[in-house]
Each structure stands twice: as structure tokens, then as C-alpha cells.
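Overview (structure and organization)
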Amino acid sequence: MIEEISPSRGVHGVVSVPGDKSISHRYAMLTSIAEGDSHIRNFSTGADCHSTLACMGQLGVKHSFADEDGVQTLTVHGLGMHALKAAADTLDAGNSGSTIRMLSGILAAQPFTTSLTGDESLVKRPMKRIMAPLAQMGARIEATDGQFPPLTIHGGPLKAIHYKLPVASAQVKSCVLLAGLYADGETVVEEPVVTRDHTEIALRELGADITLTPRLVKLSGGAPLKARDLIVPGDISSAAFFLVAALITPDSDLTIRNVGLNPTRTALLDVLGMMGAQIKLLHVEEANGELIGNLQVKSSRIKGGVIEGATTAALIDEIPILSVLGAVSQQGLIVRDAAELRVKETDRIETIASNLRAMGVSVTTLVDGLEIPGGQTFKPAEIQSYGDHRIAMAFSVAALAAQGACHIHDAKAASVSFPEF
Ligand code: S3P
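Rules and cut-offs
Residues numbered from 1 in each chain as written. Predicted model: local features only at pLDDT ≥ 70, side-chain atom pairs only at ≥ 80, totals over all residues. Heavy atoms only, no water. Near = heavy atom within 4 Å. Polar contact = N/O pair within 3.5 Å; in protein donor to acceptor, adjacent residues only side chain to side chain. Areas by Shrake-Rupley, 256 points an atom, 1.4 Å probe, with all protein chains shown as cover. Helix = DSSP H or I, 4+ residues; strand = E, 2+ residues; numbered from the N terminus. Nonpolar A, V, L, I, M, F, W, Y, C, P; charged D, E, K, R; others polar. Pairing = 2+ DSSP bridges. Axes fitted to C-alpha atoms, helices over the stretch in contact; angles between N-to-C directions.

1. What to know about the site of the ligand
Taken together, S22, R26, S98, R101, A168, S169, A170, Q171, R196, I316, D317 and K344 are the residues near the ligand. S22 places a polar side-chain atom, nitrogen or oxygen, 2.7 Å from an oxygen atom of the ligand. Between the ligand and K344 there is a distance of 2.6 Å, counted from an oxygen atom to a side-chain nitrogen or oxygen. For the ligand, the protein covers 94% of the area, taking 390 Å² as the surface of the free molecule. Listing elements by their share of the shell around the ligand, those giving two or more residues are α1 (21-32), α3 (97-107) and α5 (170-180). The class makeup of the residues in the shell around the ligand is three nonpolar, four polar and five charged.

Have a look at this one:
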């Protein structure tokens, strides 16, 4: 699907974004192994989270959707910790790294063997990062060339470990914690920098025996999870596209409703604020341990700057859209410590750079980042999504500020996280 996008004279009004993708995955998996029925409002409409639901379905967990006052509510009929069934076929995680990596933690503890695979992007993404800790816990996992999907997971009894994450990854942390639910003893995960803590919060909400301190999580295995009614906040990583659309088009004034504001996800707002963005938090409340609020954003003069270290890890999914912003900022943007971008849905350092260049923007790629001079303009261009949702959406926003109409090739990729985009 090719979408034509014309320049915009400003964005106004009120929008909502889909339920947070990270939280939706976690709620789908955890309520599946909780005891009883959970009702989940505003579950992500993205294809990735539906891949998780389909995988849980193949393991015997039933779910249904109903419309409640215009909001989709998902009911998951949890089976409890020990009643998943062996799947008749290979599970398909589609494009979703979160599905394959986090679900592997649960599957490693089951008394059966499961195979998992995914699309042409997912089968090239590294899995050693979860295979290593799960092997230490006692699981046996086979992978193509020892590291790529399809994975075959021979589950069995697990022992608790103390695991120091070699890379900052919430998916790996979550995988170990999910396995830890079934392990004998106390599982401890230490992370080099803070990553999103939705798994820990959800586990606490569902009754797990968990202790949270910054960069150190402790979980005792064996405690059952209890079903709950849950609300998924809007996805701040999806809101990011609208924030930047408003910032870079003239006379914009946009409100984004019900955005998740978990402090492990709001580095984006801190960085934008430091760069001069006019963004106001209109009101904040709490649901199931997660913060939710409305954001009002207006067109702003953006200074630019450097993103590095722990900040890079905290907004890794927002680098594509921040790169677009960087090109039209006053001083430009330098991104460092972002080697993880090379193993996302695409090698995002290359896919960002190639689309910026197609739009006439100069950019230097680094092994672990990008240097994008400021004060540049976007020329009308043929943009490739490369099948990557965040690339499709980031460059659709760039097109709003271009000097003429742009075409986004394979724009449908956006539906992985945001079908309504
Ligand atoms: C996610 C963690 C991040 C992020 C991904 C979602 C999660 O990946 O990029 O989009 O839901 O835990 P890593 O764990 O690989 O850093």
C-alpha cells in the first residue's frame, strides 16, 4: 500500500492513541496464567499484541472482545499457572520481538515442547539474549544457527537465578521474571540502566511476590496470579508521532488523551522539554500502578541536542521520530549509544538514514548512532517503510513538513502498533 501525504498547515484538535503495546503484551500473557477472568480495557489494536493473543489461544487460553461505551474490552479466561496446553502447531509471533522473547520465559517452564517463529524480520533478530538466562535456569532451547527463530523450547522445572543483564532490555528482564514465576526460589534481575518496568508493576497488581528497587527486581517463584480488571493507558511511543507532528508544523495546538506516563517511558517528554518543546501535562491519574494523563502540544522552536547513555535506552523506540525532529531543529541531533537500533524490526540506523537522504537531508551514520545537522528542509520524496511500523509513521510525519507531497511505500506496516494511524 502506497500512501500519499501532503504538507500540513498545522494540526489541531484532540486525538487518542491505541493502548500501550508493551503493557498490552504483558496483560495478555499474565492474565492468561492468572486464575479467573480478567477484563482489559483499551487493549492495543496493533497486530503485535494480537499475535500474543493468538499464541496464548494456541496454548488453550480463550479470549473475546466486547464494545463497552465505545471502548474495546478484552476478556481473557485465565487458566492459572499450570494449565496451559501443548500447542498443536508452531506459534507465530509475527513481527513481535516482545511476544517471542517474553513468552519464551513462560514456555521454558511448561511440561511440554513448543516451537515459535515469526515473520521475515523476526527470524533475523537475536534470541541468544533470552536463551542464555533460560538455559541457566534449566531450559533447553534450540534455535537456527544457535541464535535465531524458529525457537524450539523444551520446557521443564526451572531453578531461580541471579541474572545481571548484559544489555539494557526490558524484554529480556521480563522473560527472566516470567520464567521466575515458575522457578524454585527467588529470581533476581539486575539491569545496567533502568528499562520499562511494566512487567514488574503488572506482576505486583496480579498478586506476585515481587520487590522493586531501582535496577534490581526480586521475585519469589510459586505464588499464583489472580485475575483483575485492567486499563491499558495510551501508548506514549505512538503519541510521539503526534507530538512531533504538532511541534514541526506551524500554528499547531493538539491534545493527546489518556497517554501512559510511566516514568520509565517519559524520557521523551524530558528531552523534548529540554529542547524547547511546548508540551503541557493537563491532568494525571493512576490505573493499575501506571500513570495516565493528557498532553497538550503546540508548534515550537526546537533547539536540538545530544541523546546518549541511559537516555538513549529510555527512548530507544522514539529515535526514528526524534531523528525527523532533529533535521528541522536549530542545532541538529546527535544520537549515541544506540547500537540496539541495529537489531530492531529493521536496522533503524540505516532505515532512518536512507529515508532522510531520500528527502534531501544530510546525515552521518555511526556504528551506534546518527549525526543529523539542524536547519534542514524535507524535499518531496519516495519513502520506504522497509516493513517497519515506526519508520512508516516517523516519515509520514516528516512528510507533513515537506515542500510537496511524499509517498510512503508499504505504509501498512504502521498497523503493527497503530492500525488507525
Ligand atoms: C519493549 C522493550 C524494548 C522496546 C520494544 C518493546 C518491551 O525492547 O524497544 O519496542 O515491551 O519490553 P528491548 O527489550 O529489546 O530493549
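Read on, since the account is not over.
2. Regarding the pairing of strand β16 (residues 253-260)
Every regular strand shows the same layout, with side chains that alternate between the two sheet faces. For strand β2 (residues 12-16) and β16, the ladder comprises five bridges, and the chain directions are parallel. Considered in β16, the bridge of G13 is made with L254. By the bridge criterion, six bridges tie β16 to strand β18 (residues 290-298) in an arrangement that is antiparallel. The residue bridging D253 from the neighbouring strand is K298, located in β18.

3. Considering the sheet that holds strand β13 (residues 216-220)
Pairing is mixed in the open sheet, where four strands are placed in the order β10-β11-β13-β12. Edge positions in the open sheet fall to β10 (162-164) and β12 (209-213), since each of these has one partner strand only. Ignoring which end each strand starts from, the neighbouring axes of this sheet average 10 degrees apart.

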